[in-house]
Amino acid sequence: MAQGPIEKKTGFGHLFAAATYSAAGARRLLGEAAFRHELLAFCVAMVIFTLVGASFFQYVAMAILFLLLVAFEALNTAIEEIVDRVSPEISEMGKHSKDLGSFAVFCLIVANAGYAGYVVVSRFI
């Protein structure tokens, strides 16, 4: 039996549905060890920022960098899941897709670590 098109929600129902999907994505991301490590590193950075007396702006900048990292980690996880579903066998294209997603996350890890290091070192100079 054929089903008709999915009825799109509008108004408050759409907002609630979007929030539900986002919460499910966050729960899925918490299942990733890499994300849990990144979250732990962010918490450690926040404690160190407190100890060195970072400014409000420095906290905000670090939070923005971390949110970008979270977004890229979520996209990387989505890429990995899609590749595994569509192409369970090992393929060059699947490997490249996963490697590129991983590299994007790595770049943001470097940016987060570099900024955190800059804030800490600059407080002692």
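Here the structure is shown first, and the text comes after it.
Every residue gets a number counted from 1 within its own chain, in the order that chain's sequence is written. Local features are withheld for residues below a pLDDT of 70 in this predicted model, meaning they are given only at 70 or higher, and side-chain atom pairs are given and counted only at 80 or more; totals for whole chains, interfaces and linings count all residues. Side-chain measures were taken over the full set of non-hydrogen atoms in the model, leaving aside hydrogen atoms and water.

### Section: the overall build of the chain
Filter applied, for reference: Helix and strand assignments follow DSSP, with helices taken as H or I runs no shorter than four residues and strands as E runs no shorter than two, numbered in order from the N terminus. Residue contacts are defined here by distance: any two heavy atoms, one from each residue, within 4.5 Å place the two residues in contact. Computed with a 1.4 Å probe, the accessible areas rest on the Shrake-Rupley method; for each residue, only the protein chains presented here act as cover. All tallies of charge rest on Lys and Arg as positive and Asp and Glu as negative; His and the ends of each chain are not included. Charge coordinates come from a single atom per side chain, which is NZ of Lys, CZ of Arg, CG of Asp or CD of Glu.
Check the secondary structure of the chain and you find 4 helices and 0 strands. Counted from the first residue to the last, the chain has its helices and strands arranged as α-α-α-α. Look at the contacts in the chain between residues 6 or more apart in sequence, and 73% of them connect residues 24 or more apart. Total accessible area on the chain is roughly 9,100 Å²; 73% of this is exposed by carbon and sulfur atoms. Mean positive and mean negative side-chain charge positions of the chain (9 and 10 charges, respectively) differ by 8 Å.

### Quick notes on the side chain of Thr 77
Operational definition: Per-residue accessibility, obtained with a 1.4 Å probe over protein chains only, is compared with the maximum for each type, and a residue is labelled buried under 20%, exposed over 50%, and partly exposed between these values.
Within the element layout of this structure, Thr 77 appears in helix 3 (residues 56–86). With relative accessibility at 6%, the residue Thr 77 sits in the buried group. Each residue touching Thr 77, except ones within four places of it in the same chain, is listed here: Arg 28, Leu 29 and Glu 32.

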